[in-house]
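Residue-level structure breakdown
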Amino acid sequence: MARHRDEVARRGISRGPVIAVVVVLALVLVTAGWFRVRNNVDEQGQRAAATCVDGRKVVDVAADPDIAPALSTIAGAYNASRPVVRDQCVSVVVHPLRSSVVLAGLTKGWDTAKLGPAPAAWVASDAGFTIRLGAAAPDQLDGDPTSVASSPLVLAVAQDAGPKVTATGLSWAQLPAVVGKPDGWKGLGEPSWGALTVALPTGSAENPAAGETSAPEAAQAVAAGLEKGAKATVTPQATTALAALGGAVKTQPVGTAAALEALTALRTVAGSPYQAVPATEQQVFASAKAAPGTVSAAVLAGPAPAEDYPYAALTGPAVDDTQSRAASAFAQLVTSAAGRKTLVAAGFRTRGGPAPAATPAVAFGPAPATLTRADPATADRLTAALRTPAVTSRTLVVLNTSTSMGTTDGPASRLKVTAAALAARVQALPDSASVGLATFVRGLGGSRAYAGLVPTKVLDTTHRAEVGKALDELVVSDATSADSSLVAAYRDAVRGFVAGAPNRLVVITDGPNDNGETDAGGIRAALKAASQDGKPVQVDVVALSGQDIGGLTDMADATGGTVIRVPGAASPELGAAFMRLLP
């Protein structure tokens with residue numbers, strides 16, 4: 001019995017190592033099998049990727065033409081890595097399209113026949129375009145756009161004058177005054193070039209071939225500089241300066257690219273239609289690289305806008321999940337070290353990276369202070385000022401319509417004859433004249449001491465018609481209350497003062513203030529209280545009869561104005577008086 005137990009024990013001892021060996025062998029086989037299965041899965045995935053199991057997908061990116069070549073280079077590197085997204089082989093194609101054209105397509109309907117495939121991402125020239133898209137069609141933006149590059153605004157000038165202009169310290173705010181001088185280049189290092197003329201291209205949102213323009217950015221730089229502020233605002237001083245700047249070139253090129261091309265082609269600079277155009281550093285860099293020695297960048301003093309090239313991921317029926325993911329992956333490559341290197345080589349500045357190396361055309365020095373962009377409405381108003389003729393005179397005409405003006409004078413009432421003569425003179429004025437029309441009568445009271453009929457604006461076709469219609473519809477009303485009425489009109493004329501042009505308040509009346517409420521001292525005190533330093537408004541009076549006109553003479557004397565007396569409305573002298581006071 002004891003022998004049996006010993007035998008069993010010996011067998012038990014020998015069975016343990018065997019079991020352990022078996023377990024180890026099993027684990028090895030399972031592990032080896034797992035690695036084999038995993039490798040097979042990986043190989044199958046690689047083979048599936050290589051054969052694009054779910055097909056191929058093109059990811060279209062719309063980009064401003066200035067940055068499109070650099071993005072195409074980056075896209076080539078991305079495509080060379082044979083990226084796979086959701087079992088689809090993807091490739092990025094960059095389409096150069098003007099930002100205004102893309103904005104119009106995204107907000108008004110994408111025309112694939114004209115613009116090509118709808119984009120999954122968009123790199124506009126500046127955030128102003130993506131802001132407008134967000135306001136008009138916010139559902140088309142997938143997240144917040146991110147700037148991938150920047151390029152500050154400079155003044156591109158002909159040949160090698162850029163460093164000379166930069167050295168003078170010329171500011172954006174001073175540019176309109178320099179443009180108006182026949183020897184403007186004299187103080188900028190090129191005395192033989194004569195007058196400085198600056199192109200401000202018109203641009204076109206509808207014509208893809210027209211090209212974009214930096215004129216809106218230049219307008220903001222000028223307006224902000226004039227107010228010594230960090231942001232552009234619309235002021236009479238700004239609109240006057242911008243009108244002078246924009247009117248220096250009669251026939252504007254359609255885009256900045258066209259203007260730069262014309263500058264690179266200049267052989268004789270003096271007397272050329274223009275020798276400068278606002279552009280970005282990168283645009284000047286690219287133009288000079290294509291045509292060395294023909295154009296260079298002048299860095300003007302003061303804050304300046306910078307194009308910031310925001311990368312915007314887009315949504316919509318034309319963008320599926322694969323394209324959206326691939327567009328996001330491409331954005332990461334654009335902002336990577338390799339992507340930034342490509343952008344810098346193309347003349348762009350990048351966040352956190354070094355500036356491009358200096359060239360004879362572009363110094364690429366410290367970037368000027370970046371001007372905070374104006375809101376779209378303000379930007380549009382400032383750009384419109386560039387297209388508005390410079391104001392050569394500003395006149396508010398205030399006409400007496402009291403009962404006495406109903407007296408027959410020649411072929412009709414004194415009021416009708418006077419209005420007809422005034423209408424004829426207004427029609428003969430140049431487009432650069434700014435004219436407004438008001439009447440004064442008793443009983444309006446307070447701030448309504450006179451009635452403004454037509455606002456004071458430049459005489460475009462529409463405004464001429466408005467003034468003519470208002471004059472034709474004038475009717476006789478009540479007795480005059482001239483003193484308080486005209487002081488209120490004078491105050492408004494001061495508020496709307498236009499620098500660099502004569503500002504007048506022309507009063508037309510056939511008699512005195514009916515209530516004689518103010519003496520000469522009171523009138524002078526009221527005018528002094530309403531006046532502002534640096535904003536002189538001259539009060540001129542046309543007296544239609546031999547009657548005493550009371551305090552109106554004191555108004556004219558106090559402001560350096562003139563009183564012209566004519567025998568009556570039907571007299572030829574009335575037309576001569578209007579020619580003198582409304583030049």
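All values reported here derive from a predicted model rather than from experimental measurement.

**Quick notes on the state of the cysteines**
In total, this model carries one disulfide according to the counting rule given. What pairs with Cys52 in a disulfide is Cys89, and their sulfur atoms sit 1.9 Å apart. In this structure, the disulfide formed by Cys52 and Cys89 twists by about -95 degrees around the S-S bond and is classed as left-handed. Remark: Cys89 occurs in strand β3 (residues 88-96) and Cys52 occurs in the loop between α1 (2-50) and β1 (56-63); sequence separation between them is 37 residues.

**Observations concerning the sheet that holds strand β10 (residues 310-313)**
Hydrogen bonds along the backbone pair up the strands of a sheet, which may run parallel or antiparallel. Spatial ordering of the open sheet is given by β2-β3-β1-β4-β10-β5, a layout of six strands whose pairing is mixed. Here the strands that pair on one side only, and so sit at the sheet edges, are β2 (84-85) and β5 (146-147). Sheet topology note: the β1/β3 ladder contains eight bridges and is parallel. Pairing of Val59 across the sheet is with Val92, part of β3.

**Observations concerning the environment of Ala218**
The residue Ala218 is located in helix α8 (residues 215-226) in this model. In this structure the C-alpha to C-alpha distance between Ala218 and Ala304, which are 86 residues apart in sequence, comes to 7.9 Å. Not counting the four nearest positions on each side in its chain, Ala218 is found in contact with Leu153, Trp172, Leu200 and Pro278.

**Let's talk about the confidence of the model for the protein chain**
Across the protein chain, the average pLDDT comes to 84, with 85% of residues at or above 70. pLDDT under 50 marks residues 1-49. Its contacts with residues more than four places away, or in other chains, come to three contacts.

**Quick word on the sheet that holds strand β18 (residues 563-565)**
The mixed open sheet is built from six strands, whose spatial order is β15-β14-β11-β16-β17-β18. Since the sheet does not close on itself, it has two edges, and those belong to β15 (451-458) and β18, each with one partner. Geometrically, the sheet is characterised by an average inter-axis angle of 15 degrees between neighbouring strands, direction not taken into account. Pairing of strand β14 (residues 433-440) with β15 involves five bridges; the strand directions are antiparallel. Bridge pairing in β15 links Ala438 to Gly452. With respect to the sheet, helix α16 (residues 461-472) is in contact with β14 and β15, its orientation differing from that of β15 by roughly 155 degrees. The sheet strands contacting helix α19 (residues 551-559) are β16 (503-509), β17 (538-543) and β18, and the helix crosses β17 at an angle near 145 degrees.

**Comments concerning the environment of Leu386**
Along the chain, the position of Leu386 falls in helix α14 (residues 376-387). When its relative accessible area of 3% is taken as the criterion, Leu386 is described as buried. Taking the C-alpha atoms as reference points, Leu386 and Thr239, 147 residues apart in sequence, are found 7.7 Å from one another. Here Leu386 is in contact with Leu200, Ala215, Ala219, Leu242, Leu245, Gly246 and Gly247, once residues within four sequence places are set aside.

**Quick look at the pattern of salt bridges**
Enumeration according to the criterion identifies 15 salt bridges in this entry. Note that Asp409 is salt-bridged to Arg414, the shortest N-O span being 3.4 Å. The two residues Asp409 and Arg414 agree in class, both being buried. A salt bridge links Lys469 to Glu473, with the shortest nitrogen-to-oxygen separation between them at 2.8 Å.

**Focus: α8**
Given a rise of 1.5 Å per residue, 12 residues ought to cover 16 Å, and the 17 Å separating the end C-alpha atoms of α8 matches this to within 8%. Summarising the contacts, the buried residues of α8 are in contact with β6 (151-158), α7 (175-179), α9 (236-246), β7 (276-280), β9 (306-307) and α14. Residue Lys228 follows α8 closely and has a positive phi angle near 50 degrees.

**A closer look at the pairing of β6**
Of all eight residues in β6, eight are buried, a share of seventy percent or more. As paired elements, β6 and β9 share two bridges and run antiparallel to each other. Bridge pairing in β9 links Pro152 to Ala306. With four bridges joining them, β6 and strand β8 (residues 295-298) adopt antiparallel strand pairing. Bridge pairing in β8 links Leu155 to Ala298.

**Some remarks on unusual backbone geometry**
The phi torsion at Gln159 lies on the positive side, around 55 degrees, for a residue other than glycine. Here Gln159 shows up in the loop between β6 and α6 (162-168).

**Concerning the packing of aromatic side chains**
Under the counting rule described, the total for this entry stands at five aromatic pairs. For the pair Phe285 and Phe364, a centre-to-centre distance of 5.8 Å together with 65 degrees between the ring planes defines the contact as edge-to-face. Residue Phe285 is found in helix α11 (residues 281-290), and its partner Phe364 is found in the loop between α13 (337-345) and α14; the two are separated by 79 residues along the sequence. Of the residues examined, Phe364 reaches a relative accessible area of 6% and is grouped as buried.

**Here's the deal with the nonpolar core**
Counting residues in hydrophobic clusters, the biggest one holds 59 residues, and the most contacted among them are Leu155, Ala156, Trp172, Leu175, Trp185, Leu196 and Leu300. Residue contacts for Trp185: discarding those within four places in its chain leaves Val157, Ala161, Val165, Glu190, Pro191, Trp193, Gly194, Ala195, Leu196 and Gln275. Membership of the second largest hydrophobic core comes to 30 residues, among which are Met405, Leu437, Ile564 and Leu581.

Reading guide: rules and limits
- By convention here, each chain's residues receive numbers from 1 onward along its written sequence.
- Owing to the predicted nature of the model, reporting of local features is limited to residues with pLDDT of at least 70; listing and counting of side-chain atom pairs is limited to 80 or more, with chain, interface and lining totals taken over all residues.
- Note that the side-chain values use all heavy atoms of the structure and ignore hydrogens as well as water.
- Cysteine sulfur pairs qualify as disulfides if the two atoms are within 2.5 Å.
- Starting at the N terminus, helices and strands are each numbered in turn, a helix being any DSSP run of H or I of at least four residues and a strand any DSSP run of E of at least two.
- Paired strands, in this sense, are two strands between which DSSP finds at least two bridges.
- The contact criterion used throughout is that any non-hydrogen atoms of two residues lie within 4.5 Å.
- Per-residue confidence from the prediction method is given by pLDDT, with values spanning 0 to 100.
- Helix axes are fitted to C-alpha atoms over the stretch in contact, other axes to C-alpha atoms as well, and angles between N-to-C directions run from 0 to 180 degrees.
- Working definition: with a 1.4 Å probe on protein chains only, accessible area under 20% of the residue-type maximum means buried, over 50% means exposed, and in between means partly exposed.
- Just to be clear on terms, a salt bridge is a Lys or Arg side-chain nitrogen sitting within 4 Å of an Asp or Glu carboxyl oxygen.
- Any helix carries an expected span of 1.5 Å times its number of residues minus one.
- In this analysis, rings of Phe, Tyr and Trp, with Trp reduced to its six-membered ring, are considered paired at centre separations within 6.5 Å, and the interplanar angle assigns stacked below 30 degrees, edge-to-face beyond 60, and tilted for intermediate values.
- Residues enter a nonpolar core if they are buried and are Ala, Val, Leu, Ile, Met, Phe, Trp, Tyr or Cys, with the set joined through side-chain atoms within 4.5 Å.

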